[in-house]
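So the chains spell out like this:
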Amino acid sequence: VPRADGAPLSPYDMKRLQSYSSSLVDHHMIADLIPPIARAYFGGRIPVNLSYGQAAILLCVGLQHRDISSVEEVLNLPASQVLALFNK
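Since we're looking at a predicted model, the values are computed, not measured.

S.K.: Honestly, the overall build of the chain in this entry has me stumped. Any pointers?
M.R.: Along the chain, the regular secondary structure elements total 5 helices and 0 strands. Mapped from its N terminus to its C terminus, the chain presents α and β elements in the order α-α-α-α-α. A compact globule built from 88 residues should have a C-alpha radius of gyration of about 12 Å, and the chain, at 13 Å, falls within 12% of that. Seen through its principal axes, the chain has C-alpha atoms that stretch 35 × 30 × 20 Å.

Next comes the structure, spelled out in structure tokens:
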């Protein structure tokens, strides 16, 4: 997965993602990684299955550069649910 600068994700980037998935850091800590991950996912380069809700959140945050409060409004979901689906 190439980052915005064209470089691949570094070991530090992977550690940040791992820390986020373990709920050790806030989503702001990985915000710079979401657009390249979203591009790779929707480009078919990440072979995972996401629920429709997860895919919608990834689209909003990663490709449309919306913040969580905007995603809440668009998807008509509470912030806690948006963040829970985003964390998965």
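Moving on from the model shown.
S.K.: Got a minute to help me understand the pattern of salt bridges in this structure?
M.R.: Where charged atoms of side chains with opposite charge meet at close range, the side chains can pair. Following the criterion strictly, the structure yields 2 salt bridges and no others. Note that Asp32 is salt-bridged to Arg16, the shortest N-O span being 2.9 Å. Residue Asp32 is located in the loop between α1 (11-21) and α2 (34-42), and its partner Arg16 is located in helix α1; the two are separated by 16 residues in the primary sequence. Here the salt bridges do not stand alone but share partners, grouping Asp13, Arg16 and Asp32 into one network.

S.K.: Where do I start with the side chain of Arg16 in this structure?
M.R.: For Arg16, a relative accessible area of 10% gives the class buried. There is a polar contact of 2.9 Å between the side chain of Arg16 and the backbone oxygen of Met29. In contact with Arg16, other than residues within four places in its own chain, are Arg3, Val25, Met29, Ile30, Asp32 and Leu33.

S.K.: Got a minute to help me understand the nonpolar core in this structure?
M.R.: Taken as a class, soluble globular proteins show a tendency for nonpolar side chains to be buried jointly. Core analysis: the biggest nonpolar cluster contains 17 residues, and Ile30, Ile34, Ile57, Val61, Val71 and Phe86 have the highest contact counts within it. When sequence neighbours within four positions are dropped, the list of residues in contact with Ile34 reads Leu58, Val61, Gly62 and Phe86.

S.K.: Help me out: how do you make sense of the environment of Val25 in this one?
M.R.: Summarising the element assignment, Val25 is placed in the loop between α1 and α2. When the C-alpha positions of Val25 and Tyr52 are compared, they lie 25 Å apart, and in sequence the two are 27 residues distant. Residues in contact with Val25, not counting those within four places in the same chain, are Arg16, Ser19 and Tyr20.

S.K.: Where do I start with the side chain of Gln54 in this structure?
M.R.: Take Gln54: it is sitting in helix α3 (residues 52-63). The class for Gln54 is buried, based on a relative accessible area of 14%. Engagement of the side chain of Gln54 in a polar contact is seen with the backbone nitrogen of Ser51, the distance being 2.8 Å. Among residues more than four places away in sequence, those in contact with Gln54 are Leu85 and Lys88.

S.K.: Explain unusual backbone geometry here, please?
M.R.: Leaving glycine out, the prevailing phi sign among residues is negative, and the prevailing peptide bond configuration is trans. One non-glycine residue, His65, adopts positive backbone phi at about 55 degrees. In this fold, His65 is placed in the loop between α3 and α4 (68-75). The exposed category is assigned to His65, whose relative accessible area is 58%. Even without a glycine there, the phi angle at Asn76 is positive, about 55 degrees. Structurally, the position occupied by Asn76 is in the loop between α4 and α5 (79-87).

Cut-offs applied
- Residues numbered from 1 in each chain as written.
- Predicted model: local features only at pLDDT ≥ 70, side-chain atom pairs only at ≥ 80, totals over all residues.
- Heavy atoms only, no water.
- Helix = DSSP H or I, 4+ residues; strand = E, 2+ residues; numbered from the N terminus.
- Rg over C-alpha atoms; globule rule 2.2 N^0.38 Å.
- Salt bridge = Lys/Arg side-chain N within 4 Å of Asp/Glu carboxyl O.
- Buried < 20%, exposed > 50% of the residue type's maximum accessible area, 1.4 Å probe, protein only.
- Polar contact = N/O pair within 3.5 Å; in protein donor to acceptor, adjacent residues only side chain to side chain.
- Contact = heavy atoms within 4.5 Å.
- Core = buried A, V, L, I, M, F, W, Y, C linked by side-chain atoms within 4.5 Å.

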